[in-house]
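Notes for the structure review
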Amino acid sequence: MPKIQHLKISLTLIVLVALFSCRQAKPSYNPTKSTITENAMVVSPHPLASDIGVEILKKGGNAVDAAIAVQFAIAVCYPRAGNLGGGGFMVIRTKDGTIDALDYREKAPAKAHRDMYLDSLGNVMEGMSTEGHKASGVPGTVAGLFEAHSRYGKLPMDELIRPAIRLAEKGYIITATEAERFNRYQEAFRKYNTPSSPFLKEHWTEGDELVQSELAKTLERIRAGSAKGFYEGETADQIVAEMTSGGGLITHEDLKNYRATWRKPIVGDYKGYRVISMPPSSSGGVALLQMLGMVENYDLGKMGFHSTDAVHLMVEAERRAYADRAQHLGDSDFYEVPIDSLISEVYLQQRMADFSSAQASLSDSVLAGNFKLAKESFETTHTSVIDSEGNAVSVTTTLNSNFGSKVWVDGAGFFLNNEMDDFSVKPGIPNQFGLVGAEANAIQPGKRMLSSMTPTIVEKDGKVFMVLGAPGGSTIMTAVFQIFINVVEFNMNLEDAVNAGRFHHQWLPDQIQMEKGALDSTTIHALKAMGHQFREVDYMAVIKAIQVLSDGKLHGVADTRNPDDTARGF
Ligand code: DON
């Protein structure tokens with residue numbers, strides 16, 4: 001063979017191999033799980049998003065700017081939960097100690113009504129609040145991010161959205177976890193997505209590239225037109241057209257009328273720590289302070305980490321807090337939630353008056369209700385940020401289930417939430433997380449459905465001590481509770497505190513849900529003898545946390561429960 005021809009063949013082979021290995025390349029994201037830095041930290045559910053947060057901080061953006069840029073980025077690179085079509089909550093503490101809480105939770109559309117998921121006999125129509133067009137509330141994310149920016153942002157919004165546009169337009173390499181999720185939901189995508197959806201594919205593999213051109217255009221309209229680029233004009237037309245095609249309820253008016261709402265954060269003390277968290281429409285802050293208040297008078301430290309006594313006490317506090325949630329918690333714009341009473345010391349002591357250190361309480365005697373087992377779904381997303389000036393942001397956002405309602409807005413390129421399932425669709429009937437509710441959380445037009453999201457900031461000696469939060473449905477509140485107790489009472493370092501096995505009691509079902517191997521067999525045996533029942537689950541809420549260490553350095557920890565969670569700082 002002539003030399004030149006030989007060379008040509010070799011070159012072709014090299015190019016083919018390069019192309020092949022490029023397409024199959026594993027992303028080299030290195031999702032750092034635990035890192036200590038001097039100045040600033042971002043912990044988010046995706047390495048690309050954490051990197052974007054750090055990029056913004058290095059450009060001079062503050063923690064709110066970084067959180068906003070991360071939220072836009074995860075709408076692209078974490079599509080199962082990061083979103084434009086969902087909602088969330090942001091808790092902020094500025095370097096001078098100002099605290100604030102922003103509620104951009106979805107709202108029920110104007111056409112929604114109390115019995116919309118019941119048939120003519122008053123029975124719940126299975127699946128209607130969880131999948132398809134009728135499952136969506138009016139999205140709050142874009143309004144929330146602009147609202148947060150208008151009060152606290154430093155860099156122009158333009159600079160915070162551009163990295164997300166870049167990711168959507170140019171594409172990014174998906175991780176193994178994403179490939180698994182995309183494959184798992186193909187059937188639902190085929191049902192609710194149009195053929196132009198980039199998520200439809202025979203088989204996804206780690207290393208595949210995902211380009212989202214329609215989403216890039218939507219983000220570009222938001223960049224150019226602010227929140228109106230989402231709630232009005234072409235994007236609004238696309239959402240309404242999608243609703244019309246599938247029998248959904250969201251109208252142009254619903255979108256135009258949506259506003260995010262500033263709230264007074266929930267604040268409480270625990271042995272010298274000041275806990276700042278989210279008020280209704282999330283139940284997270286109230287439940288967290290209730291659980292802490294109920295255990296504060298006991299010496300958990302002396303009982304010991306995961307000892308029978310400690311687990312029993314914490315479970316009994318959890319049981320009581322979730323019973324209160326079912327009865328008293330809902331959107332405070334629509335229902336008078338007795339927040340001050342629920343977190344008052346006197347009330348919490350009364351609540352524990354029937355606590356026996358030797359015997360499990362019965363949930364039926366704490367307050368009655370029905371139950372079913374929660375389906376496991378951990379597809380919300382949390383981001384914790386501290387910037388170099390000491391501003392802190394804790395933000396949780398979600399579509400609810402994986403890819404929300406599974407409805408992908410044709411032309412606009414994003415998934416819509418299935419948050420309507422977080423309402424109590426019928427008193428006493430559990431939602432997908434097994435949570436029950438009543439009047440306080442009944443469906444009403446314009447009302448926000450009750451959440452469990454618990455974005456939290458903890459102060460010690462007047463300074464930020466910890467920023468934390470998590471996805472995980474009903475297990476979010478007990479996870480935040482346990483991480484705090486692990487650090488403060490059991491003196492664990494943050495990484496151990498986050499990665500330790502967890503347990504969870506939510507009043508109904510009357511059982512301790514426990515991650516496999518979390519408790520040893522002797523402890524389980526002793527707890528069973530006290531009357532507790534157990535159910536093993538694979539994993540619970542996925543924490544993203546930052547602790548300010550005694551020397552002022554920042555310890556960022558990304559939960560090993562989600563391989564893609566990443567802590568990055570400098
Ligand atoms: O707001 C809530 O409580 C739920 N919609 C959160 C859903 C969730 O965390 C799902 N998985 N992580």
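In case you missed it, the structure is sitting above this.
Figured I'd write up the structure that's included with this text. (Residues numbered from 1 in each chain as written. Predicted model: local features only at pLDDT ≥ 70, side-chain atom pairs only at ≥ 80, totals over all residues. Heavy atoms only, no water.)

1. So, the packing of aromatic side chains
This is how it is decided: Stacked, tilted and edge-to-face pairs are distinguished by plane angle, under 30 degrees for stacked and over 60 for edge-to-face with tilted covering the rest, among Phe, Tyr and Trp rings (Trp via its six-membered ring) whose centres lie within 6.5 Å. Working definition: helices are DSSP H or I runs of at least four residues, strands are E runs of at least two. Numbering for both runs from the N terminus. Only protein chains enter the calculation, and the probe is 1.4 Å; a residue is then buried if its accessible area is under 20% of its type maximum, exposed if over 50%, and partly exposed in between. For a lysine, the NZ atom is tested; for an arginine, the CZ atom; a charge sits over a ring if that atom is within 6 Å of the ring centre and within 35 degrees of the ring normal.
Applying the stated criterion across every chain, the model contains 19 aromatic pairs. Aromatic side chains Tyr270 and Phe484 sit 5.5 Å apart centroid to centroid with 80° between the ring planes, which places their arrangement in the edge-to-face category. Note that Tyr270 is positioned in strand 8 (residues 266-270) and Phe484 in helix 18 (residues 476-488), a separation of 214 residues in sequence. Grouping residues by exposure puts Tyr270 and Phe484 together as buried. In textbook terms, an aromatic cluster arises when at least three aromatic residues are bridged by ring pairs, as seen for Phe182, Tyr185, Phe189, Phe199, Trp204, Phe403 and Phe415. Residue placement shows Lys201 over the ring face of Trp204; its charged tip is 4.6 Å from the ring centre.

2. A closer look at helix 2 (residues 47-58)
Just so we agree on the cut-off: To estimate the expected span of a helix, subtract one from its residue number and multiply by 1.5 Å. Residues are treated as being in contact if the distance between any of their heavy atoms lies within 4.5 Å.
Its 12 residues give helix 2 an end-to-end C-alpha distance of 16 Å, which sits within 8% of 16 Å, the value for a rise of 1.5 Å per residue. With 9 of 12 residues buried, helix 2 is to be regarded as a mostly interior element. For helix 2, the complete set of buried residues consists of Pro47, Leu48, Ala49, Ser50, Ile52, Gly53, Val54, Ile56 and Leu57. If you follow the buried residues of helix 2, they end up packed against strand 2 (41-44), helix 3 (63-77), helix 5 (157-170), strand 5 (172-173), strand 10 (380-386) and strand 19 (566-569). A positive phi of about 105° marks Gly60, the residue just after helix 2.

3. A closer look at the packing of helix 12 (residues 284-295) against helix 18
Put simply, the rule is: Whenever a helix is involved, its axis is fitted only over the stretch in contact; in every case the axis is a line through C-alpha atoms, and angles between N-to-C directions fall within 0 to 180 degrees. By definition in this entry, angles of less than 35 degrees are roughly parallel, angles greater than 145 are roughly antiparallel, angles of 65 to 115 are roughly perpendicular, and the rest are oblique. With the far helix as reference, a near helix turned anticlockwise by less than a right angle produces a left-handed crossing, and one turned clockwise produces a right-handed crossing. Asp, Glu, Lys and Arg are counted as charged, while Ala, Val, Leu, Ile, Met, Phe, Trp, Tyr, Cys and Pro are counted as nonpolar; the rest, among them Gly, fall into the polar class.
Packing of helix 12 against helix 18 leaves a shortest axis separation of 9 Å and a crossing angle of 45°. The orientation of helix 12 relative to helix 18 falls into the category oblique. Crossing geometry of helix 12 relative to helix 18 is assigned as right-handed. Listed contacts from helix 18 to Gly284, Ala287, Leu288, Met291, Leu292 and Val295 of helix 12 are Met477, Thr478, Val480, Phe481, Phe484 and Ile485. Classifying every residue of the contact of helix 12 with helix 18 by side-chain character gives 10 nonpolar, 2 polar and no charged.

4. So, the environment of Arg263
Rule in force here: Pairs of N or O atoms within 3.5 Å make up the polar contacts considered here, provided that, within protein, one atom can donate a hydrogen while the other can accept it, and that residues adjacent in sequence are counted only when both atoms are side-chain atoms.
On the secondary structure map, Arg263 appears in strand 7 (residues 261-263). For Arg263 and Asp333, which are 70 residues apart along the polypeptide, the C-alpha to C-alpha distance reads 11 Å. Not counting chain neighbours up to four residues away, the residues in contact with Arg263 comprise Asp100, Ala101, Asp103, Met278, Pro279, Pro280, Ser281, Asp331, Ser332, Asp333 and Arg448. At 3.1 Å, the side chain of Arg263 and the side chain of Asp103 are in polar contact.

5. Topic: the nonpolar core
Filter applied, for reference: The term nonpolar core refers to a set of buried residues drawn from Ala, Val, Leu, Ile, Met, Phe, Trp, Tyr and Cys, joined through side-chain atoms within 4.5 Å.
Residues Leu292, Leu300, Phe484 and Ile485 are the most contacted members of the largest nonpolar core, which totals 88 residues. Sequence-distant contacts of Ile485, that is, excluding residues within four places in its chain, are made with Tyr270, Leu292, Val295, Leu300, Met314 and Phe490.

6. Regarding helix 4 (residues 141-152)
For helix 4, built from 12 residues, the straight-helix expectation of 16 Å at 1.5 Å per residue is met to within 8% by its first-to-last C-alpha distance of 16 Å. Within helix 4, 9 of the 12 residues are buried, which leaves the element mostly enclosed by the surrounding structure.

7. A few points about the pairing of strand 3 (residues 87-93)
Worth spelling out the cut-off: The criterion for strand pairing is that DSSP finds at least two bridges linking the strands in question.
Of all the 7 residues making up strand 3, 7 are buried; the element is thus mostly covered by neighbouring parts of the structure. Burial of the side chains of strand 3 extends over both faces: Gly87, Phe89, Val91 and Arg93 are buried on one face and Gly88, Met90 and Ile92 on the other. With 7 bridges connecting them, strand 3 and strand 11 (residues 392-398) associate as antiparallel partners. Paired with Phe89 across the two strands is Thr396, which belongs to strand 11. Pairing between strand 3 and strand 4 (residues 99-104): 6 bridges, direction antiparallel. Bridge pairing in strand 4 links Ile92 to Asp100. In this antiparallel pair of consecutive strands, strand 3 and strand 4, the connection spans 5 residues, and Gly97 shows a positive phi of 95°.

8. Topic: the packing of helix 2 against helix 3
Between helix 2 and helix 3, whose axes approach to 8 Å, the crossing angle comes to 150°. Between helix 2 and helix 3, the crossing angle belongs to the class labelled roughly antiparallel. Both helix 2 and helix 3 take part in a crossing whose hand is right-handed. Residues Leu48, Ala49, Ile52, Gly53, Ile56 and Leu57 of helix 2 form the contact with helix 3, whose own contacting residues are Ala63, Asp65, Ala66, Ala69, Val70, Ala73, Ile74 and Cys77. For the contact of helix 2 with helix 3, the residue count by class is 12 nonpolar, 1 polar and 1 charged.

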